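Notes for the structure review
The chain contents come next:
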Amino acid sequence: MKPRTRRLLNFWSLFTGPALWWGTVLLVPYLMMLAISFYTRQFPFHVPDFQFGNYVTLIADSQYFTVLLRSLWIALAVSVTTFCLSYPLAYFLAFKVRSNRLRLFLYTAAIVPLWVSYLLRAYTWKTILGSEGILNSFLMWIGIISEPSTIFLYNQGAMVVTMAYIFTPFMVMPIYASLEKIPRSLIEASKDLGAPRFTTFRKITLPLSMPGVLAGFTFTFGLSIGDFISPILVGGPYSNMIANVVATQFGMAMNWPLGSALGVVLLVIVLGIITASDKLERIGRINLG
Amino acid sequence: MTSILELHHLSKIFRGGVVAVDDLSLDIREGEFLTMLGPSGCGKTTTLRMIGGFEYPDAGSVMLDGRDITNDPPYSRPVNMMFQDFALFPHMTAEENIGYGLKIAGVGKTPTAERVRAMLDMIELPGMGARFPSELSVGQQQRVALARALVNNPRILLLDEPMSALDAKLKESMQVELRHIHDRVGITFVMVTHDQTEAMIMSDRIMVMHAGRIEQIGTPTDLYDHPRTAYVAEFLGASNMIPATIRRDGGDVVACAGSMTVRLDRNTGDSGTRSLFMRPEKIRLVPRESEAGDGSSTFSGTVKELFFSGNMVRIDLDVGAERPVIVHRQLDTELAAAGLPGVGDIVTCAVNPEALKLFDTAEVAAMKAEEAAA
C-alpha cells in the first residue's frame, strides 16, 4: 500500500463515524432550520417557499425586538454577575490555596453541580426564593421582615441569580486555567520593580488572565441567551427570552417558519459572539506570545 | 570597603522542617560582585530571595545601608532581581518591560523614554524596543531582563542563576559581558549559581554554601588554592582526595598511599589516616628516575586510562591506592606530538609540598556519602 493510500485509509477509518454524526445531527438540522425560515405559514402547517416574510415580521412586530433586547440584557447581566462571583474564587484557588489537596477539593466543589440535572438546580432556587422559601424563613427568623415577601421570586432578578449559579462552573474553569498558567515569577518581578499588590494585579495578573475571562464570558453569555428553563421556572411575567418564543412558535403557535427565522437570528448572534471573542483572543495572544 | 548589606544570623525553615538557611551571617561590600555558590538545595537561592524580600527569615535580620529591611516587602526595597526564567511580562514590549519600574515609580514619559533608550543601548539592543519577548532570542531576552532590573538604579542587583537558560557558547560571552556591565554601572551584584567556573570567572568574592551554612568565603584564588574544607576543595575545580597514612620520616612529614610517598609541608605535623588533596594540574609528569628539584617529591604509577578533552588530557594513574591519582596535562601541541605515555606504561610524577593539603577522612567520607545520595 502506498503511504498516501494508507494515510487516507487511516484518516477515514477514524473520522467516518464523527463525520456522519456531525453531519446528520448538526449540519442537516441547521440547514433544515435555515430552509424552513423561508417557508410560508399555511395553518395548520407550512409550505416550501423562498421569501423573507418571516424576517420582516421579526423586524416589524416590536414584541420580537423587545424579547431579543431582554435576552441580550439578561445574558449580559448573568455574565457580569457570574464573572464577579467566579474571578475571586478562581484567584483564591490559583494563588491563595497552598495545599494541592485542598485546592483540588475546592475546585471540584465548584464544578460538581454540573453533574446534577440542570432542571433540578434551577428548581432549587424556587425553594430558596419562594414565599415559603428558605430566604423568607431566614429573614423572618432574624426579624428583618414580619411576613413572607414575594419580591424575590418570579422576576428577572431571580432569573439572573439562578442562571449565574448554574453557569458559574463555566466561568470558574477557564479563569482558573488561565490564572494557573501565569508564572509566579512574573508577579514577583512586578513587586520587585516596585508595584504593590493591587498595581501588580491590575498590570500583570488581570491582563494575563484575560483569555480565560473572555472564554468564560463567551460560555455564559452563549448559554444564558439561549436559556428557556429559568424564565419558565423562576422568571414570572415579562421574562420571556428569545428561546421561549422559539419554543412557542414550534409548539402552541404552530408557526415553524417564524420559529426557524428566530432560531437563525439566535444562531447568528451566538456565532457573532464566538467570532468576536475569538478575534479578541487572537489579538491578546499576539501580545502574550 | 564599607559594607552595603549585612545578614545577621539568618535562618529559614520551610514547612516539613527542612532547614534551608541555618544561622547565616554575611557582610556584602559596596560595589562588589559576590557569588553564592553551591549545589541545589544548599540554601543559596533562599538566601537571595530573603535579600529580595520574596521570603522572610524565621530568625535573624537583613540590614541594607544600616537600615533593617528584614520584613519589608519586595516593592519597598531598593534591590532588584534578575530572575532565572527572566520573568519578562509577555504582554509588554521590551521597552515597556524595561520602563515598568520607572512607570510605577511615577517617572514622567519623556525621561522614561530617554532612560529606556539608554538601557537598550547599554545592552546593545538599540531599535529592538518595540518587540515582544516572544520575538526575541533567549540571549536578547536575558539582556532585556538585565536592563529592566537595572533601570531603577538599585542599591543591589540580585541574579538568580542568570546563565542557566543559555547554551554553552552564549553563556561564556554573557559571563564576560555581565562582568563588564558590573564594572561599568558600579552597582553591587549578588549572584546565585551552581556553576563553579562561572562563579570564578565573574566574581570578586565567592561564598560556598553547604546545607544552609557558609562553608568558606573569599576571592576565587583564595578558595581554589586554599580551600579550608574538603567540601570547598571538591566543589571548586577537579581534585584528588586519596586516603593516605601520615607519618614522620626523619625530619619530614610524609603521606603514603599504595606505592606513593609524598613529602608534606614540615608544619603539617600530624599522623594517622587522612585524605590527601592534590589538584590534578599541579602534578607534573617528569622523566623517569630524575629528581624533580624545588623540593618536590616524586612517585610512580601505571597509566590506567587516558581521556582526551581537546585542550588537555586526563591521565588516571594506578599507584596501588584506594583510587587512582588523576593527573591533568595541558596540551600545547597536537595530542600525537605531546609525547604522552600509553595505557600500561609506568610514569613518574612530581608534586610540590605546597600543592598538598590534608583533610579529615571522616569529613570526606560524609561528603562522598552525601554526593552519592544526591
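What you see is a predicted model; the values in this text were computed from it and never measured. (Residues numbered from 1 in each chain as written. Chains lettered and ligands numbered in written order. Predicted model: local features only at pLDDT ≥ 70, side-chain atom pairs only at ≥ 80, totals over all residues.)

**Notes on the overall build of chain A**
- Of the regular secondary structure elements, chain A holds twelve helices and two strands.
- Listed N to C, the secondary structure of chain A is α-β-β-α-α-α-α-α-α-α-α-α-α-α in terms of helices and strands.
- A globule of 289 residues ought to have a C-alpha radius of gyration of about 19 Å, yet chain A, at 24 Å, is considerably larger.
- Projected onto its principal axes, the C-alpha positions of chain A cover 80 × 70 × 35 Å. (Helix = DSSP H or I, 4+ residues; strand = E, 2+ residues; numbered from the N terminus. Rg over C-alpha atoms; globule rule 2.2 N^0.38 Å.)

**Some details on the interface of chain A and chain B**
- Contact with chain A, which involves 18 residues of that partner, is made by 21 residues of chain B.
- Within the residue set of the side of chain A that touches chain B, elements represented by two or more residues are α8 (184-192), α9 (197-225) and α12 (256-288) of chain A.
- Broken down by element, the residue count for the side of chain A that touches chain B peaks at six residues, all from α8 of chain A.
- Per-class residue counts for the side of chain A that touches chain B are ten nonpolar, five polar and three charged. (Contact = placed C-beta atoms within 7 Å. Nonpolar A, V, L, I, M, F, W, Y, C, P; charged D, E, K, R; others polar.)

**What about the confidence of the model for chain B?**
- Chain-level pLDDT for chain B is 91 on average; 97% of the residues reach the 70-or-more range.
- Interface scoring of the predicted complex returns ipTM 0.87; its pTM is 0.85. (pLDDT = per-residue confidence, 0-100.)

**Side note on the pairing of strand β19 (residues 346-351) of chain B**
Residues and elements named next belong to chain B.
- The pairing of strand β15 (residues 284-286) with β19 spans three bridges and is classified as antiparallel. Within the sheet, the bridge partner assigned to R284 lies in β19 and is A350.
- Bridge count for strand β16 (residues 297-308) against β19 is six bridges, and the pairing is antiparallel. Bridging across to β19, T298 finds its partner in A350. (Pairing = 2+ DSSP bridges.)

**With respect to the pairing of strand β13 (residues 260-263) of chain B**
Residues and elements named next belong to chain B.
- Residues of β13 alternate between two faces, with M260 and V262 buried on one and T261 and R263 left unburied on the opposite face.
- The pairing of strand β12 (residues 252-257) with β13 spans four bridges and is classified as antiparallel. Its bridge partner being in β13, A255 is matched across the sheet by V262.
- Following β12, the chain reverses through two residues before pairing antiparallel with β13; G258 in that reversal takes a positive phi of roughly 60°. (Buried ≥ 20, exposed ≤ 12 C-beta atoms within 10 Å, placed from the backbone.)

**Here's the deal with the domain arrangement of chain B**
Residues and elements named next belong to chain B.
- Split into domains, chain B comes out as domain 1 (3-234) and domain 2 (238-373).
- Domain 1 and domain 2 are separated by 38 Å when their C-alpha centres are compared.
- Taken together, the contact pairs four residues of domain 1 with nine residues of domain 2.
- Broken down by class, the residue content of the side of domain 1 that touches domain 2 amounts to three nonpolar, no polar and one charged. (Domains from an automatic or database assignment.)

**A closer look at the sheet that holds strand β9 (residues 205-210) of chain B**
Residue and element names in this part refer to chain B.
- Here six strands make up an open sheet; going across it, the order is β6-β7-β8-β3-β9-β10 and the pairing mixed. Each end of this open sheet is capped by a strand with a single partner; those strands are β6 (79-82) and β10 (213-218). Strand-to-strand twist in this sheet, taken as the mean axis angle between neighbours without regard to direction, amounts to 20°. (Axes fitted to C-alpha atoms, helices over the stretch in contact; angles between N-to-C directions.)

**Here we look at the sheet that holds strand β20 (residues 356-359) of chain B**
Residue and element names in this part refer to chain B.
- What the five strands build is an open sheet, ordered β13-β12-β11-β14-β20; its pairing is antiparallel. Whereas interior strands pair on both sides, the edge strands pair on one side only; in this sheet they are β13 and β20. The mean inter-strand angle of the sheet, taken between neighbouring strand axes irrespective of direction, is 40°.
- Bridge count between strand β11 (residues 240-249) and strand β14 (residues 272-278): seven bridges; the pairing is antiparallel. Bridging from a neighbouring strand, A244 pairs with R274 of β14.
- Across the sheet, helix α9 (residues 361-373) is in contact with β11, β14 and β20; its angle to β14 comes to roughly 60°.

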